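The residues making up each chain are set out below.
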Amino acid sequence: MQPPRVPSRTRALSSASTPTLPRLPVPDLHKTLQKYLKSIEPFLLEDERRGGLDFQSAYEERVKLVNDFERDIGPLCQQRLLALDRSSPNNWLNDNIWLAKAYHEWRAPLLVNSNWWLALGDDSTIPNAVRHPSSNLTGYTPWQLRRAAWLVYRILDFKTRLERQEIHPDTTRTGTQCSYDSHRSRGLWFRHSALQVFNRCRIPQRSCDRFSPVPDLGDPDARKVLVMAADWMYAIEVVAADGSPIAPGEIEKKLRAIVVDVEGRRAKGERAVSIGVLTTDDRDRWADGLQHVLSLSPRNHSVFRTITNSGFALSLDDYAYSLPESQHTSDPDLTAHLHNVRSGHSDRPGHNRWYDKPVTLIVESNTRAGVLGEHSPVDALVPSIVADYAIVQDVDEDAFFDRLDPSAPLPSTGAHEPVATGTFERLDWVVDEKVERMCEEAAARAKAIVDDSDNDELVFDSYGIDWIKQRARLSPDAYIQMALQLAWYRNRGEFTATYETVLTRLFKHGRTETLRTFTNESRAWVLAMTDPKSSNETRLALLQRALQTHTQLTREAATGRGIDRHLLGLRLMLREDAGERHALFEDELFARSQTWKLSTSGLSAGYQFRGTGFGSTYEDGYGINCNCCILGLTECCVDMPAPDKIRFGIESKHSCPQTSTQMFKRAIADALEDMRMICTPILHAHM
């Protein structure tokens, strides 16, 4: 077996002194408040344009609120935040605030609403007859298990190399020449972040969930992977005593044994109770359900502990999902792929999954593979880089005991293939009628969520990132964010607060900051684009100004000078039990400026991915899955940026008459075409 190839984005770490990262700063109070005032100006301008209070009067009201806060209780809130930072081991935000407020206090189901999904690219070694069968494929297949075993091995190999500090992805570029120590420091950020997704699990609790601690090195469950097949759960040991992954062939043998066991149980008429579907439910309801399940037997405590401490999860789906005939899209195979990763088969969504695991690898009968992620431990960029490593190298058949005959079936129960003792561990729950009823009710609620999810992928191929960067010489991230602003306005006839994720990975345990894409400059450009009297020269000048503003805001957010996390911290420093409050945080515009009906975030800039997605935050909004590393600072609106095409993962709700994913796909494509037209003068100037 040849040693695994390391992607170009990974670099070796020397054994020199361990670098450190600076702490996330607490921003200056006055600067944050002034930036906040600037950020709400476009909302006030729109209010005035639509017959509301004149801009100057409305603005002066907000200036009074800000000045009063800064003179009154604001400095005390700032002092408390600084004190909190001094008492925090890593930083004031991630140690105390972010996990709870952004994720764990949220009671909505994780299904669609919080978890992200990623469709992996195909493996070129897999025969076309397997990947694209002539008829519907059902049951488990040899190539499915081989690819699953290979991907499990590759993920474990990445984890092992990361733990040993042998590699780290170069995930941050600031546009300036970085020193070697700087590269190593950013690798330190990634190493810490990436290891958060392994051997852990989100635990449901009433009011606020928690995250399980990392198990001890000697914990045998930490060397296992959770495997789900036909709603049954198993555990297989995949890590050797020295911490290295076992060989791919050995993993495949264990997966084959599980499939044989599943088919044997089916032949006996057994049916699994889908405890996993409970993880799709309202968090309080799931918390209560889990307590009941655990109360039934010590065995259930053991099963739950193994699930929680296992490295990650693998779902083997015994089908190749196809879209219902009523669903129409430009690429049915891709959309079906995305939908299955997101939620499983549309007839039984939420089955054969454990939504609380940070990483679940999913492989269908036809070898389509994807990753489903629980969002709270890290931002989706991190596990997507792990996934990129997993698929950058195709299946190495020399790593297995034999070469596959594509036409050979898997051993059935009638083949009497012996199953070695200790090959796998059944994770069977003790259940009662109440548990079965809870699962049925949760499954019905999961189906309602999935049926309402309008999710598809836009593949825009008229031009791509290379044209934006090299021909138009503009920032791709800012450029595509402006396309989304224009698409939204043309569809809705109004503007909305827009969220773009900016990673604060320059700092120890940094997570994210918000980039407020809706600005005075983006508003002026969009209005010019919809004004038939506006010339292309004017439109181009306004676009360039909007891009400059966006780029500046990006850099401020990435370097700890954003405003939204600071405003959150200041608000939480008010002691409500002592009667502390301030009108600044009760102003309707404060809330409206954070109502992100257009929410954009992203994954890795991997060329290995077919598509991505996450759910809209609001019923009348859009979730636009984005992808960056263009500047290395933001997770921008480019889903798998390629030289000649741009992809967008889009999710909205069927039940909302104001939204339509297909309509928004067309609006984005039209916006991008119009933007190329107004950039023509730039191209002529550069010739």
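Here the structure is shown first, and the text comes after it.
An account of the accompanying structure is given in this report. Please read these numbers as outputs of a predicted model, since none were measured by experiment. (Residues numbered from 1 in each chain as written. Predicted model: local features only at pLDDT ≥ 70, side-chain atom pairs only at ≥ 80, totals over all residues. Heavy atoms only, no water.)

### Section: the environment of N91
In plain terms, the rule: What counts as a helix is a DSSP run of H or I of at least four residues, what counts as a strand is a run of E of at least two, and both are numbered from the N terminus. Remark: exposure states derive from per-residue accessible area (1.4 Å probe, protein chains only) relative to the maximum for the residue type, with buried under 20%, exposed over 50%, and partly exposed in between. Two residues form a contact once any of their heavy atoms are found within 4.5 Å. Polar contact is defined as a pair of N or O atoms within 3.5 Å, subject to the rule that within protein one atom must be able to donate a hydrogen and the other to accept it, and that residues adjacent in sequence are counted only when both atoms are side-chain atoms.
Along the chain, the position of N91 falls in the loop between α3 (74-86) and α4 (98-104). Residue N91 is classed as buried on the basis of its relative accessible area, which comes to 0%. Along the sequence, N91 and P22 sit 69 residues apart, while their C-alpha atoms lie 9.5 Å from each other. With near-sequence residues (within four places) excluded, N91 lies in contact with R23, L24, D85, N96, K508, H509 and G510. At 2.6 Å, the side chain of N91 forms a polar contact with the backbone nitrogen of N94.

### Re the pattern of salt bridges
Operational definition: Salt bridges, as used here, are contacts in which a Lys or Arg side-chain nitrogen is within 4 Å of a carboxyl oxygen on Asp or Glu.
Going through the model one piece at a time under the given rule, you end up with 58 salt bridges. The partner of R265 in a salt bridge is E270, and the shortest N-O contact between them spans 3.2 Å. Judged by relative accessible area, E270 falls into the partly exposed class, the value being 34%. Across the pair R565 and E513 runs a salt bridge whose closest N-O atoms are separated by 3.9 Å.

### Let's talk about the layout of surface pockets
Rule in force here: Put simply, the grid is 1 Å and covers the protein atoms alone, a cavity is a trapped set of points that fit a 1.4 Å probe, a pocket is an open set with protein on both sides within 12 Å along at least five of seven lines, and lining residues have an atom within 4 Å of a point. Grid points are joined across faces, edges and corners, and a volume is the space filled by probe spheres set on the points. As a working rule, the residues Ala, Val, Leu, Ile, Met, Phe, Trp, Tyr, Cys and Pro are called nonpolar, Asp, Glu, Lys and Arg charged, and the rest polar, with Gly in that last group.
Its volume calculated, the largest pocket comes out at about 1,100 Å³. Along the walls of the largest pocket sit 34 residues, with W98, K101, A102, Y499 and W596 positioned nearest its centre. Breaking the lining of the largest pocket down by element, the ones donating at least two residues are α4, β13 (497-503), β14 (512-516), α18 (564-572), α19 (588-592) and β15 (596-603). Grouping the amino acids of the lining of the largest pocket by side-chain chemistry returns 15 nonpolar, 12 polar and seven charged.

### Description of helix α9 (residues 283-296)
Note that an α-helix has 3.6 residues per turn; residues three or four places apart therefore point the same way. Condition: Expected helix span is taken as 1.5 Å per residue step, with the number of steps being one fewer than the number of residues.
Counted at 1.5 Å a residue, the expected span for α9 with its 14 residues is 20 Å, and the 20 Å between its end C-alpha atoms agrees. R283, D284, W286, A287, G289, L290, H292, V293 and L294 are the residues of α9 that are buried. Among the structural elements, β4 (202-203), α10 (298-309) and α13 (433-452) are those in contact with the buried residues of α9. Looking at where α9 begins, the residue whose side-chain oxygen comes 3.0 Å from the main-chain nitrogen of D284 is D282.

### Describing the nonpolar core
Test applied: For the purposes of this section, nonpolar cores are sets of buried Ala, Val, Leu, Ile, Met, Phe, Trp, Tyr and Cys residues that join through side-chain atoms within 4.5 Å.
Residues F69, I468, Y479, W525, F648, F664 and I668 are the most contacted members of the largest nonpolar core, which totals 83 residues. The element best represented in this core is helix α15 (residues 476-492), accounting for 10 residues. Filtering out sequence-adjacent residues up to four positions away, Y479 remains in contact with Y463, W467, I468, L474, L547, L672, M675, R676 and C679. Counting 69 residues, the second largest nonpolar core, distinct from the first, contains L151, V262, V371 and F424.

### Here's the deal with α15
With 17 residues, α15 should cover 24 Å at 1.5 Å per step; its first-to-last C-alpha distance of 24 Å lies within 8% of that length. For α15, the tally of buried residues reaches 15 of 17 residues, placing the bulk of the element in the interior. Following α15 by one or two positions, G493 adopts a phi angle in the positive range, close to 70 degrees.

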